[in-house]
Amino acid sequence: MTTAEQVLDAPLTSFSPPAPRPRAQAAAAQQADAVVLRPAPPVGIWTTGLLASAAWTALGLLTLLWPNKAVGFSDWAFTEEFGIAALVVAALLAAVALLGARAGKVARTLRPAGQWLVALAVVFAVWEVATAKLGVLPSPFFAPPQALIDVVNEDWQRLGLSTAHSLRLLANGFVLGALVGFVTGVAIGWSRIAGYWVHPVLRFLGPVPASALLPLAFFFAPSSYVAAVFLVGLATFFPVAVLTWSGVASVHKSYYDVARTLGASERFLVLRVAIPAALPQVFVGLFMGLGASFSVLITAEMMGVKAGLGWYLQWAQGWAAYANMYAALFVMAALCSSLITLLFKVRDRVLSWQKGTVKW
């Protein structure tokens, strides 16, 4: 092992510990850290929570007491269940609001979203009135909120299977595109030869939307699934490769000079200096690639894949089952939001050592 590797890989115990502090000062420091790190518990009645409870109560009473406008059929199913569910949410919010600090973790979780809880009840109320109560938005093109409950009750197996197929396709394409894009970006940012030959091709073909290559992908690929994986991977590849290349190329040369002075090898410079310094931009590329790959995923499933959320959307449109279509759109939004949240948590875990120097 070279000198640079010995220095950078040395355990923390090899460094001199700080001078011991008196016991009183140490206890005071621990108390100060606890005050800074632990969020203050909610105190008193949560006013916004009471407002949210009132909004959900109004939604529940509106749904239960205002008769639906029947258009071509008897009534919307699950109207009573939706109204009761709104009243249950209102009761829970009122309990959390009145308990204050005694609600503990639940109160700390819900309080930041208080205004959103009010807005969500208002949106549901407007949606319910415009569809089921007044029929301003004509049926069957627009369905009320309780129609989504009906879809989940009647068609949860097909919707769940489609979600599982989309997740499998997205995972295969995203992982493949991210790995190839990462390796390509590191090669372009580090090697002049790779930058000379690959960079112009990347700049020329990279901006072309992956969905524009649908006909070619389905023609040359041995199956529609392989073509869809290729397109999802291609959509992920470009942002990851460009941001990785930018991150590696922007590493300050003084880092390399210091490591070379201590005898670091080229492999050590790439793995222990260039890549760690470029990781924040790599994760930016992963976020961009996830959004692009999700869009291409739905398009590919609508064009040729025999299962997935895109296929489910096309099937629902073909049968004029617009409530099923809206349910699939909600599942897509929840799925994409959950994956982005998961990627944020991975980023925070991997780059926890950079939180003092990198802002996010």
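Remember, predicted model here, so these are calculated numbers, not experimental data.

Engineer: I keep staring at the overall build of the chain and nothing clicks. Help me out?
Structural biologist: Counting secondary structure elements, the chain contains 14 helices and zero strands. Ordered by position in the sequence, the α and β elements of the chain form the string α-α-α-α-α-α-α-α-α-α-α-α-α-α. Counted over contacts in the chain with a minimum sequence separation of 6, partners at least 24 positions apart contribute 74%. Accessible surface computed for the chain: about 21200 Å², of which carbon and sulfur atoms make up 69%.

Engineer: What should I look at first to understand the packing of helix α7 (residues 145-190) against helix α13 (residues 309-318) in this one?
Structural biologist: Angle between the axes and distance between the axes: these two values describe a pair of packed helices. Running from amino to carboxyl end, α7 crosses α13 at an angle of 140°, the nearest separation of the two axes being 8 Å. In terms of orientation, α7 and α13 fall into the oblique class. Residues Val151, Asp155, Arg158, Leu159, Ser162, Thr163 and Ser166 of α7 pack against Leu309, Trp311, Tyr312 and Trp315 of α13. A per-class count over the contact of α7 with α13 returns six nonpolar, three polar and two charged.

Engineer: Is there a simple way to explain the pattern of salt bridges in this structure?
Structural biologist: Two side chains bearing opposite charge may form a pair once their charged atoms approach each other closely. Within the structure shown, the criterion is met by four salt bridges. With a closest N to O distance of 3.7 Å, lysine 133 and glutamate 128 form a salt bridge. The buried category is assigned to lysine 133, whose relative accessible area is 4%. Measuring nitrogen to oxygen at the nearest pair gives 2.6 Å for the salt bridge that ties aspartate 155 to arginine 158. Taken together, the positions of aspartate 155 and arginine 158, both in helix α7 and three residues apart, correspond to about one turn of that helix. For aspartate 155, a relative accessible area of 10% translates into the label buried. The exposure class of arginine 158 is partly exposed, given its relative accessible area of 34%.

Engineer: Is there a simple way to explain the environment of proline 207 in this structure?
Structural biologist: Among the secondary structure elements, proline 207 is positioned in the loop between α8 (192-205) and α9 (214-220). The exposed category is assigned to proline 207, whose relative accessible area is 55%. In this structure the C-alpha to C-alpha distance between proline 207 and alanine 235, which are 28 residues apart in sequence, comes to 9.8 Å.

Engineer: Would you explain the nonpolar core in this entry?
Structural biologist: Ranked by size, the top nonpolar core spans 64 residues in total, and within it Leu170, Leu286, Phe294, Leu297 and Ile298 carry the most contacts. Secondary-structure elements contributing two or more residues to this core are α7, α9, α10 (224-249), α11 (253-261), α12 (266-303), α13 and α14 (322-350). When residues of this core are assigned to their parent elements, the largest contribution, 18 residues, is made by α12. Apart from the residues within four sequence positions on either side, isoleucine 298 is in contact with Leu309, Gly310, Leu313 and Met332.

Engineer: When you look at the environment of leucine 92 in this model, what are you seeing that I'm missing?
Structural biologist: Structurally, leucine 92 can be placed in helix α4 (residues 79-99). Assessed through its relative accessible area of 54%, leucine 92 is described here as exposed. Sequence spacing of leucine 92 and glycine 49 is 43 residues, and the spatial spacing of their C-alpha atoms is 9.7 Å.

Engineer: I'm lost on helix α3 (residues 47-65) in this one. Help?
Structural biologist: Side chains of residues three or four places apart in an α-helix project in the same direction, reflecting 3.6 residues per turn. Between its terminal C-alpha atoms α3 stretches 27 Å, which fits the 27 Å expected from 19 residues at 1.5 Å a residue. For α3, the full list of buried residues reads Gly49, Ala52, Ser53, Ala55, Trp56, Leu59, Gly60 and Thr63. Angularly, the buried residues of α3 cover 160° about the axis, an arc narrow enough to put them on a single face. Residues Thr47, Leu51 and Leu65 are exposed on α3 and point more than 90 degrees away from its buried face. Tucked into the core, α3 has its buried residues touching α4 and α6 (114-133).

Engineer: What exactly am I supposed to notice about unusual backbone geometry here?
Structural biologist: A negative phi angle characterises most non-glycine residues, just as the trans form characterises most peptide bonds. For phenylalanine 78, which is not a glycine, the phi torsion comes out positive at approximately 65°. Take phenylalanine 78: it is sitting in the loop between α3 and α4. With relative accessibility at 24%, the residue phenylalanine 78 sits in the partly exposed group. For alanine 320, which is not a glycine, the phi torsion comes out positive at approximately 55°. When its relative accessible area of 38% is taken as the criterion, alanine 320 is described as partly exposed.

Calculation criteria
- Every chain's residues receive numbers from 1 upward, in the order its sequence appears when written.
- Owing to the predicted nature of the model, reporting of local features is limited to residues with pLDDT of at least 70; listing and counting of side-chain atom pairs is limited to 80 or more, with chain, interface and lining totals taken over all residues.
- The side-chain numbers reported here are obtained from all heavy atoms of the structure, hydrogens and water having been left aside.
- Every helix listed is a DSSP run of H or I at least four residues long, and every strand listed is a run of E at least two residues long, numbered separately from the N terminus.
- For this analysis, residues touch if any pair of their heavy atoms sits within 4.5 Å.
- Using a 1.4 Å probe, the Shrake-Rupley method yields the accessible areas, and only the shown protein chains count as cover for residues.
- Axes, fitted as lines to C-alpha atoms, cover a helix only where it is in contact. Angles between the N-to-C directions of the axes lie from 0 to 180 degrees.
- Angles are sorted into four bins: roughly parallel if under 35 degrees, roughly antiparallel if over 145, roughly perpendicular if 65 to 115, and oblique for all others.
- Side-chain classes follow a simple rule in which Ala, Val, Leu, Ile, Met, Phe, Trp, Tyr, Cys and Pro form the nonpolar group, Asp, Glu, Lys and Arg form the charged group, and the remainder, Gly included, forms the polar group.
- We define a salt bridge as a side-chain nitrogen of Lys or Arg found within 4 Å of a carboxyl oxygen belonging to Asp or Glu.
- Under the scheme applied here, a residue whose accessible area is under 20% of the maximum for its type counts as buried, over 50% as exposed, and between as partly exposed, the area being computed with a 1.4 Å probe on protein chains only.
- What makes a nonpolar core is a set of buried Ala, Val, Leu, Ile, Met, Phe, Trp, Tyr and Cys residues whose side-chain atoms join them at distances within 4.5 Å.
- Expected span of a helix, by definition, is 1.5 Å for each gap between consecutive residues, and there is one gap fewer than residues.
- What the arc describes is the spread of directions from the helix axis to the C-beta atoms.

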